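# A look at the structure
Residues per chain are reported as follows:
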Amino acid sequence: MLRRALQPGLSRGVLGRGLGTHRGRSTLGKVEGSGGYRGSWVAPVSSYVTFRTRDPTHDGKTVGRLGEGDQNGKVSEIKKKIQSVLPRGAWNPLRDTSYLPPEHSDVVIVGGGVIGLSVAYWLKRLEKPQGAIRVLVVERDHTYSQASTALSVGGIRQQFSVPENIQLSLFSVEFLRNINEYLAVVDDPPLDIQFNPSGYLLLASEKGAAVMESNVKVQRQEGAKVCLMSPEQLRNKFPWINTEGVALASYGMEHEGWFDPWCLLQGLRRKVQSMGVLFCHGEVTRFVSSSSHTETTSGEEVTLRRIHEVHVKMDRSLEYQPVECALVINAAGAWSGQIAELAGVGKGPPGTLQGTQLPVELRKRYVYLWHCPQGPGLETPFVIDASGAYFRREGLGNNYLGGCSPTEEEEPDPGNLEVDHDFFQDKVWPPLAQRVPAFETLKVRSAWAGYYDYNTFDQNGVVGPHPLVVNMYFATGFSGHGLQQAPAVGRAVAEMVLDGHFRTINLSPFLFNRFYLGEKVQEHNII
Amino acid sequence: MAAPRAPLHLVTPVWNRGTRGTRGLSRAVAPEGSQKKGRSLLQFLADRFYDVQALREYLLRKQVLKVHQKNRPFTYIRERFGPHAAGAYFILKQGGAVKFQGKEWIRSDARGHFSLDFLKFQAVPVEAVDASGCAINYQGLDSVLALKELQSLWLQRCPHVDDWCLGRLHPLANSLQELSLAGCPRISERGLASLHHLQNLRRLDISDLPAVSNPGLTRILVEEMLPSCQVLGADWAQGLPSGPEEQSRDTASPLPA
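Note that this is a predicted model, so its numbers are computed, not measured.

## Concerning the overall build of chain A
Helices and strands together make up the secondary structure of chain A, namely twelve helices and 18 strands. Of all 527 residues assigned to chain A, the portion counted as buried reaches 55%. Counting contacts in chain A only where the partners sit at least 6 residues apart, residues at least 24 apart contribute 74% of the total.

## Describing the overall build of chain B
A count of helices and strands for chain B gives ten helices and seven strands. Burial statistics for chain B: of 257 residues in total, 47% are counted as buried. For chain B, the share of sequence-separated contacts (at least 6 apart) that also reach a separation of at least 24 residues comes to 64%. As displayed, chain B has an accessible area near 13800 Å², and 52% of this comes from carbon and sulfur atoms.

## Digging into the sheet that holds strand 6 (residues 203-205) of chain B
Backbone hydrogen bonds are what pair the strands of a sheet, in a parallel or an antiparallel way. Residue and element names in this part refer to chain B. If you walk across this open sheet you meet the seven strands as 2-1-3-4-5-6-7, and the pairing is mixed. Two strands lie at the open edges of the sheet, namely strand 2 (105-107) and strand 7 (230-232), each paired on one side alone. Strand after strand, the sheet turns through a mean of 15 degrees between neighbouring axes, direction not considered. By the bridge criterion, three bridges tie strand 3 (residues 126-130) to strand 4 (residues 152-154) in an arrangement that is parallel. Its bridge partner being in strand 4, V129 is matched across the sheet by L153.

## Remarks on the interface of chain B and chain A
Bring the parts together and some accessible area is lost; that lost area is often taken as the interface size. Chain B puts 41 residues into the contact, and the matching count from chain A is 41 residues. In total, chain B and chain A occlude about 3800 Å² of area from one another, counting both sides; carbon and sulfur atoms represent 60% of this. Across the contact surface, chain B and chain A share one salt bridge. R190(B) serves as the salt-bridge partner of D192(A), at 3.7 Å between the closest nitrogen and oxygen. Viewed at the interface, chain A and chain B are joined by three residue pairs in polar contact (both at pLDDT 80 or more). Of all the secondary structure elements, the ones that give two or more residues to the side of chain B that touches chain A are helix 3 (34-48), helix 4 (50-70), helix 8 (163-167), helix 9 (189-192) and helix 10 (215-225) of chain B. Ranked by residue count, the leading element in the side of chain B that touches chain A is helix 4 of chain B, at seven residues. Looking at the side of chain B that touches chain A residue by residue, the class counts come to 14 nonpolar, 17 polar and ten charged.

## Describing the domain arrangement of chain A
Residues and elements named next belong to chain A. Parsing chain A into structural domains produces domain 1 (98-195 + 255-359 + 456-526), domain 2 (200-252) and domain 3 (364-451). Contacts between domain 2 and domain 3 engage 14 residues on the former and 15 residues on the latter. In total, domain 2 and domain 3 occlude about 1200 Å² of area from one another, counting both sides; carbon and sulfur atoms represent 62% of this. On the domain 2 side of the interface with domain 3, the three residues burying the most area are Y200, L203 and W240, jointly 52% of the side's total. Applying the counting rule to domain 2 against domain 3 returns zero salt bridges. A per-element tally of the side of domain 2 that touches domain 3 places strand 5 (residues 200-204) first, with five residues.

## Section: the nonpolar core
Within the largest apolar cluster, 116 residues are counted, with the highest numbers of intra-cluster contacts made by L179(B), L195(B) and L204(B). Excluding its chain neighbours within four sequence positions, the residues that come into contact with L179(B) are L153(B), L169(B), L195(B), L198(B), L201(B), R203(B), L204(B) and D205(B).

## Considerations on the UniProt feature "domain: FAD dependent oxidoreductase" (unreviewed entry) in chain A
Those residues carrying the UniProt feature "domain: FAD dependent oxidoreductase" (unreviewed entry) are residues 106-496 of chain A in this numbering. Taken end to end, residues 106-496 of chain A comprises 26% helix and 31% strand; its first and last C-alpha atoms sit 15 Å apart.

## Observations concerning the confidence of the model for chain B
Residue and element names in this part refer to chain B. Per-residue confidence for chain B gives a mean pLDDT of 81; residues scoring 70 or more make up 79%. The model gives residues 1-34 a pLDDT under 50, and that stretch makes 46 contacts with residues more than four places away or in other chains. In this model residues 246-253 is a low-confidence stretch, pLDDT under 50, and it forms 15 contacts with partners more than four residues away in sequence or in other chains. At the level of chain-chain contacts, confidence expressed as ipTM amounts to 0.80, with global pTM at 0.82.

## Side note on the packing of helix 3 (residues 114-126) of chain A against helix 11 (residues 486-499) of chain A
Residues and elements named next belong to chain A. It is the contact of helix 3 with helix 11, at a shortest axis distance of 7 Å, that shows an interaxial angle of 50 degrees. On the basis of the axis angle, helix 3 is oblique to helix 11. The interaxial crossing formed by helix 3 with helix 11 has right-handed handedness. Side by side, helix 3 and helix 11 meet where V114, I115, S118, V119, W122, L123 and L126 of the first sit next to A486, P487, V489, G490, R491, V493, A494, E495, V497 and L498 of the second. A per-class count over the contact of helix 3 with helix 11 returns 13 nonpolar, two polar and two charged.

## Description of the confidence of the model for chain A
Scored by pLDDT, chain A comes out at a mean of 86, with 86% of its residues at no less than 70. Note on residues 4-29 of chain A: pLDDT is under 50 here. Beyond four places in sequence and across chains, it has 51 contacts.

## Details of the environment of I527(A)
Residue and element names in this part refer to chain A. For I527, the location among the structural elements is in the segment after helix 12 (513-517). Residue classification places I527 among the buried residues on the basis of a relative accessible area of 16%. A sequence separation of 71 residues divides I527 from T456, and the C-alpha atoms of the two residues are 14 Å apart.

## A word on unusual backbone geometry
Excluding glycine, most residues fall at negative phi; most peptide bonds, likewise, are trans. That bond from K128(A) to P129(A) is cis: its omega, -5 degrees, falls within 30 degrees of zero. Tracing the backbone through its elements, the reader meets P129(A) in the loop between helix 3 and strand 3 (135-139). Positioned with a positive phi, S479(A) is a non-glycine residue whose angle comes to about 50 degrees. Take S479(A): it is sitting in the loop between strand 18 (472-476) and helix 11. Here the phi dihedral of D208(B) falls at roughly 60 degrees; this positive angle occurs in a residue that is not glycine. Exposure remark for D208(B): the relative accessible area of 62% places this residue in the exposed category.

## Focus on the side chain of N471(A)
Residue and element names in this part refer to chain A. With respect to the element layout, N471 can be found in the loop between strand 17 (462-465) and strand 18. Relative accessible area serves as the criterion here: at 1%, N471 is assigned to the buried category. A distance of 2.9 Å separates the side chain of N471 from the backbone oxygen of A326, its partner in a polar contact.

## So, the sheet that holds strand 5 of chain A
Residue and element names in this part refer to chain A. If you walk across this open sheet you meet the eight strands as 6-7-5-13-14-15-12-16, and the pairing is mixed. Of all the strands in the sheet, the pair left with one neighbour each is strand 6 (226-229) and strand 16 (443-455). Strand-to-strand twist of the sheet, defined as the mean angle between neighbouring strand axes without regard to direction, takes the value 20 degrees. Looking at chain direction, strand 13 (residues 382-384) and strand 14 (residues 389-394) are connected through two bridges and run antiparallel. In the strand pairing of strand 14, I384 is matched with Y390. Against the sheet, helix 6 (residues 209-222) contacts strand 5, strand 6 and strand 7 (248-252), and its axis sits at roughly 155 degrees relative to strand 6. Contacts from helix 10 (residues 421-435) reach strand 5, strand 12 (360-371), strand 14, strand 15 (399-404) and strand 16, with the element oriented near 65 degrees to strand 12.

## Here we look at the pairing of strand 15 of chain A
All names here are of chain A. For strand 15, a buried count of six out of six residues is recorded, marking the element as mostly surrounded by other parts of the structure. With burial as the criterion, each face of strand 15 is covered, one bearing N399, L401 and G403 and the other bearing Y400, G402 and C404. Across six bridges, the pairing between strand 14 and strand 15 is antiparallel. In the sheet register, R392 faces strand 15, and the bridge partner there is L401. Hairpin connection of strand 14 to strand 15: four residues between the antiparallel strands, including G395 at a positive phi of 75 degrees.

## Some points on the packing of helix 4 (residues 163-177) of chain A against helix 11 of chain A
All names here are of chain A. The N-to-C vectors of helix 4 and helix 11 enclose an angle of 105 degrees; their axes lie 7 Å apart at closest approach. Taken together, the axes of helix 4 and helix 11 lie roughly perpendicular to each other. Counted together, L168, F171, S172 and F175 of helix 4 and A486, P487, A488, V489 and R491 of helix 11 form the full contact between these two elements. The residue inventory of the contact of helix 4 with helix 11, partitioned by class, reads seven nonpolar, one polar and one charged.

Calculation criteria
- Residues numbered from 1 in each chain as written.
- Chains lettered and ligands numbered in written order.
- Predicted model: local features only at pLDDT ≥ 70, side-chain atom pairs only at ≥ 80, totals over all residues.
- Heavy atoms only, no water.
- Helix = DSSP H or I, 4+ residues; strand = E, 2+ residues; numbered from the N terminus.
- Buried < 20%, exposed > 50% of the residue type's maximum accessible area, 1.4 Å probe, protein only.
- Contact = heavy atoms within 4.5 Å.
- Areas by Shrake-Rupley, 256 points an atom, 1.4 Å probe, with all protein chains shown as cover.
- Pairing = 2+ DSSP bridges.
- Axes fitted to C-alpha atoms, helices over the stretch in contact; angles between N-to-C directions.
- Buried area = accessible area lost by both parts, 1.4 Å probe.
- Salt bridge = Lys/Arg side-chain N within 4 Å of Asp/Glu carboxyl O.
- Polar contact = N/O pair within 3.5 Å; in protein donor to acceptor, adjacent residues only side chain to side chain.
- Nonpolar A, V, L, I, M, F, W, Y, C, P; charged D, E, K, R; others polar.
- Domains from an automatic or database assignment.
- Core = buried A, V, L, I, M, F, W, Y, C linked by side-chain atoms within 4.5 Å.
- UniProt positions renumbered as here; feature names shortened; annotations may be inferred.
- pLDDT = per-residue confidence, 0-100.
- Parallel < 35°, antiparallel > 145°, perpendicular 65-115°, else oblique.
- Left-handed = near helix turned anticlockwise from the far one by under 90°.

As structure tokens, this is what we get:
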């Protein structure tokens, strides 16, 4: 290591970027500057930490960019460098770089929420042989203060209209039920995700009754336990409901309810760390990729891109680490669109495959917590009204969580997570008070806002590789039902990565191609 | 082996607060003495050697598989003798007791043996099942749910019956009149919420459930949920600070902090 340090220009690999392999460019933290100062061997006069870099455009003689190439300059450079090596110099070969991600990783997962961790878990679980794949999870906020997972209401249901969604949710329920077998870590206490098996109750008006019936048929075919109820039966079962305007209701009897998403997240984190996945607290700022041109069968020229490096910028610092990788998995949730843009997805004339962007954007949603002393009791399911407003019981003290998705015109500005309380007064409370008369007297205790990774195309997830950026895989765009599909989606992406095709649940309708081909997989039951 | 059993011990320490200092909790429930010393030695080694960690994981896995093995379905008996006989066989194999309609209780003896006379009963339904202390879990409930005319189900002190299992009991809603869940360590108030499907229930025993956060309040809420059922449970005043009698039992408790 000492020898290497004293021969700064010795690079083992091919010089320059964009050619063949990028091995041997061992850099130890780089600073982006406005040209000029690239870090050098010279002991700096200020109190900054010395950066050791190995710029491949050097030849063996010069040290850093400060030398001008004349003999005197070089001698003084070498003198300064020797001074720094001797005791009391500023050179520290044993600088702690544990906060930096590794220089090489097989898979880099952008985003450390429940989807990203689920993909990491299944990759490590399904890999053959064990320990073969190095996985790095890059998460820029370790407190998860804006992550959709932590701010989620935590419901899980099978009442979807698309069969793949139902299958994903069924497997996820089975995963949650056996979570202590899947995520067991020796010597750590078992997880308690606090699952409430109270079911979902979807209400439909006259207009939506036929659609609801056909949906329930599909759900039952896939194995969900759902029953249809008439307004009469609904009144008998839940006397606190006002069934005016309700033509039909579908009630999930089993495998539906809500749970604690934070516990699932922490359980996945702990298990995934014990399986050897590395975590990095940083932000992906750049992808270094190479392009190659090929011809399709019809003679068109296409440009295939391959990502070689991911530049991970450290938190609150200008320092970044280039991580050489084979695959990148975009599980960045609401910010996936920005990550896809960095990778070059959508850079092309609109209407072509090159020009098709990832249609995932941030959408802000509010959740309100209120207290209603005469409200529905312990048996309250997760009720979704025909108008789109929903609520569920929270705890034993007559507290309820609920909200409503705004219409397209009323979408709030997703720049921050401030809560609009007027939205509750105008849009959430009236339909809920009409549906549950006890909610006429309620008092809002608190509220929060979170982001949906909203897929503007058809509100369903995007899973699988991109056709042109060949080593970027997507696992995002779930528009509010990502948490309940996370374990199954993680397994599907891991199967795609390891085997090249989906094995257990066929998610080919959710591939990226559908945005270009215009094939919508529209999900009707979205809240 | 005592060591791997500790994480799956009866009183489940709650992980979801993100606490790391839960070794203290499990030590509180594990028996003291040489077992504790042996366990921490194995723990010490497992923290440092991959082989020991793999061994511990294997032992943990074996325990889980043992429970699965106990809950396997007896499909041959079900096809040959019917669901009632299969359910009875399953319960007796686990160490419980079964009562057929019009017959006496059939129990397995201390060594786990029981007579197979009940296989001769033709389509006599099972009326009551006593699965107290048995290792029945979510999978094993398949056999019990096939008993369409079950009137009384006792699941006292079953270590693997949890909230998911309670969510499964709704097919028995027509016939079930008595249910006992006393002493089950994994049942909480969230699972009790799914009992409202059982409209014919007349007697429900939810006493002594360690995982229920507020036993008195839970009993009140369950009584409101099942109005025609007699609920045996914790005292209503349990958990309330001892004060004057005029303290109103308002169900609106403040938000948990």
